[in-house]
Every structure is written in structure tokens, then in C-alpha cells.
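Analysis of the macromolecular model
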Amino acid sequence: ALTSGDYRVELDAPAAVSVLGAGEVARATCEFSVETQVRRESVEFAADRGLLARLATLTHGVSVEPADAADVLAALGPGIVENHERKQIELWNSWPWLALIVLVAGAEWVVRKKQRLP
């Protein structure tokens, strides 16, 4: 809801000093114009490659053409692979578990009898 005119935006974020390069860039600014009546033919839709390259340099990144996007994805390496394995053990079909259960139940019964509990 801005009126027609030229505007300037400045980033005021002390935490961004490390990103900006501590001395290379004192403050991040952006200037733009707003026109309420613009003909569709005069609007520029092309990307500003120079601006993208400067932003990439400031943030220690890279700027690539759309045709090279597959190379960038390949350079990132394989994604995270997670394997989830579910193992179901039926206790009543396993002799060691059955023996343990019987041993614990028997020990409880012996303790109850020695303590004269019902």
C-alpha cells in the first residue's frame, strides 16, 4: 500500500554483521521505486545476474544458471538415508523368554511362601 515514489530500505541487524563481512559492507541497503500505474510491457522480469552474484559472494555462496542446477544438486552429495526396521518377537514362542518368565514367576511364589503372604 505504498504511494508512488522512490524508497530506500536499510537493514539494521547487529547479528548480521558477521554475514555482511565485518567491514566489507557497512550496511545492507536496497533502493526501489513504486509506480501505481505501470504498463505491463515496461515491467522487467529478467533476473539481475550481477546482483545475484554479489549476494552469493557476500554470503559465501554460489550463483548458478538454471541449466547448471543439476550440477549443484550433485555437488551437495547424497541426501540423508534413514532405514527403519521393525522386528517383532513373540515371547511365548521363544524358549529363553519363556524360561525367564517362569523363573521370575517361580521366584515370586517362593518369596511369598517364605513371607507367609497369600
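Whatever comes next refers back to the structure up there.
Residues numbered from 1 in each chain as written. Predicted model: local features only at pLDDT ≥ 70, side-chain atom pairs only at ≥ 80, totals over all residues. Heavy atoms only, no water.

Right, let's talk about a nonpolar patch on the surface for a bit. Taken together, the side chains of I89, W97, L100, L103 and V104 present a nonpolar region at the surface, about 510 Å² in accessible area. Position of L100 among the secondary structure elements: in helix α4 (residues 95-114). What makes L100 partly exposed here is its relative accessible area of 41%. (Patch = residues over 30% accessible without salt bridge, like charges linked within 9 Å, V, L, I, M, F, W, Y side chains within 5 Å. Areas by Shrake-Rupley, 256 points an atom, 1.4 Å probe, with all protein chains shown as cover. Salt bridge = Lys/Arg side-chain N within 4 Å of Asp/Glu carboxyl O. Helix = DSSP H or I, 4+ residues; strand = E, 2+ residues; numbered from the N terminus. Buried < 20%, exposed > 50% of the residue type's maximum accessible area, 1.4 Å probe, protein only.)

Here the focus is unusual backbone geometry. Phi at H60 takes a positive value of approximately 60°, unusual for a residue other than glycine. Within the fold, H60 resides in the loop between α2 (49-58) and α3 (69-75). A relative accessible area of 72% means that H60 is categorised as exposed. The backbone phi angle of R116 is positive, close to 60°, even though this residue is not glycine.

In this section: the packing of aromatic side chains. Under the definition given, this model contains 1 aromatic pair. Here Y7 and F32 contribute two aromatic rings whose centre-to-centre distance is 5.6 Å and whose plane-to-plane angle is 20°, an arrangement assigned as stacked. On the criterion of sequence distance, the pair formed by Y7 in strand β1 (residues 5-10) and F32 in strand β2 (residues 29-34) is long-range, its members being 25 residues apart. (Phe/Tyr/Trp six-rings, centres within 6.5 Å; stacked < 30°, edge-to-face > 60°.)

Topologically, T29 is positioned in strand β2. Sequence separation of T29 and E10 is 19 residues, and the distance between their C-alpha atoms is 4.4 Å. Each residue touching T29, except ones within four places of it in the same chain, is listed here: R8, V9 and E10. (Contact = heavy atoms within 4.5 Å.)

Moving on: the environment of E10. If you trace the backbone, E10 turns up in strand β1. Since its relative accessible area comes to 39%, E10 is described here as partly exposed. Taking the C-alpha atoms as reference points, E10 and C30, 20 residues apart in sequence, are found 6.6 Å from one another. When neighbours within four sequence positions are excluded, E10 is seen to be in contact with R27, A28 and T29. Among the polar contacts listed, one links the side chain of E10 to the side chain of R8, at a separation of 3.4 Å. (Polar contact = N/O pair within 3.5 Å; in protein donor to acceptor, adjacent residues only side chain to side chain.)

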